[in-house]
Amino acid sequence: MDENRVLLNYYLFTVPHITVLAGAVLGLLLLLKIDIKKALGIFAVFYGSMLTILALMVRTHFSKLILYKLSLIVFFGFTLLGVVLLLT
């Protein structure tokens, strides 16, 4: 089987679970009436770091793929976006 297809299937079955968890955290932050900018920053840091951890778990199998490298850059960039939101 094509390794890109395996990686896409892996993301297809794991990313939605992380999305639901991070969305629940964002919902709780909004219910606690935390400032929207801070809540989105916390959400982005949490979601991005969880996605980055997810990608790092399969690094040994997919590290040569362009798709893996691009997704890792996007996941890490999402974490950095959250840090920028928290610092401003």
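Residues numbered from 1 in each chain as written. Predicted model: local features only at pLDDT ≥ 70, side-chain atom pairs only at ≥ 80, totals over all residues. Heavy atoms only, no water.

**Quick look at the overall build of the protein**
Secondary structure summary: the protein contains 4 helices and 0 strands in total. Going from the N terminus to the C terminus, the protein shows its helices and strands as α-α-α-α. Taken along its principal axes, the extent of the C-alpha atoms in the protein is 50 × 25 × 15 Å. Taking all 88 residues of the protein together, the buried fraction comes to 28%. Once local pairs closer than 6 in sequence are excluded, the contacts in the protein between residues at least 24 apart make up 73%. (Helix = DSSP H or I, 4+ residues; strand = E, 2+ residues; numbered from the N terminus. Buried < 20%, exposed > 50% of the residue type's maximum accessible area, 1.4 Å probe, protein only. Contact = heavy atoms within 4.5 Å.)

**Some words on helix α2 (residues 36–57)**
Between its first and last C-alpha, α2 extends 31 Å over 22 residues, near the 32 Å set by a 1.5 Å rise per residue. Taken residue by residue, α2 has Ala39, Gly41, Phe43, Ala44, Tyr47, Gly48, Leu51, Thr52, Leu54 and Ala55 as its buried positions. Against the buried residues of α2 lie α1 (3–31), α3 (59–62) and α4 (66–87). (Expected span 1.5 Å × (residues − 1).)

**Brief notes about the UniProt feature "transmembrane region" (unreviewed entry) in the protein**
The positions UniProt marks with the feature "transmembrane region" (unreviewed entry) are residues 12–32, 39–59 and 65–87. Counted over residues 12–32, helix gives 95% and strand 0%. Its end C-alpha atoms are 31 Å apart. Secondary structure across residues 65–87 comprises 96% helix and 0% strand; the distance between its end C-alpha atoms is 33 Å. (UniProt positions renumbered as here; feature names shortened; annotations may be inferred.)

**A word on the packing of aromatic side chains**
A full pass over the atoms with the stated rule returns 5 aromatic pairs. Arranged with centres 5.7 Å apart and planes meeting at 75°, the rings of Tyr11 and Phe75 form a pair that is edge-to-face. Here Tyr11 is found in helix α1, whereas its partner Phe75 is found in helix α4, with 64 residues between them in sequence. Here the aromatic rings of Phe43 and Tyr47 are separated by 5.5 Å at their centres, their planes lie at 15°, and the arrangement is stacked. Separated by 4 residues within a single helix, Phe43 and Tyr47 lie in helix α2, roughly one turn from each other. A network of ring pairs unites the aromatic residues Tyr10, Tyr11 and Phe75 as a single cluster. (Phe/Tyr/Trp six-rings, centres within 6.5 Å; stacked < 30°, edge-to-face > 60°.)

**Here's the deal with the environment of Leu54**
Along the chain, Leu54 turns up in helix α2. Separated by 19 residues in the primary sequence, Leu54 and Ile73 have C-alpha atoms spaced 13 Å apart.

**Let's talk about the side chain of Thr52**
Checked against the element boundaries, Thr52 lands in helix α2. Leave out the neighbours within four places in its chain, and Thr52 touches Leu72, Phe75, Phe76 and Thr79.

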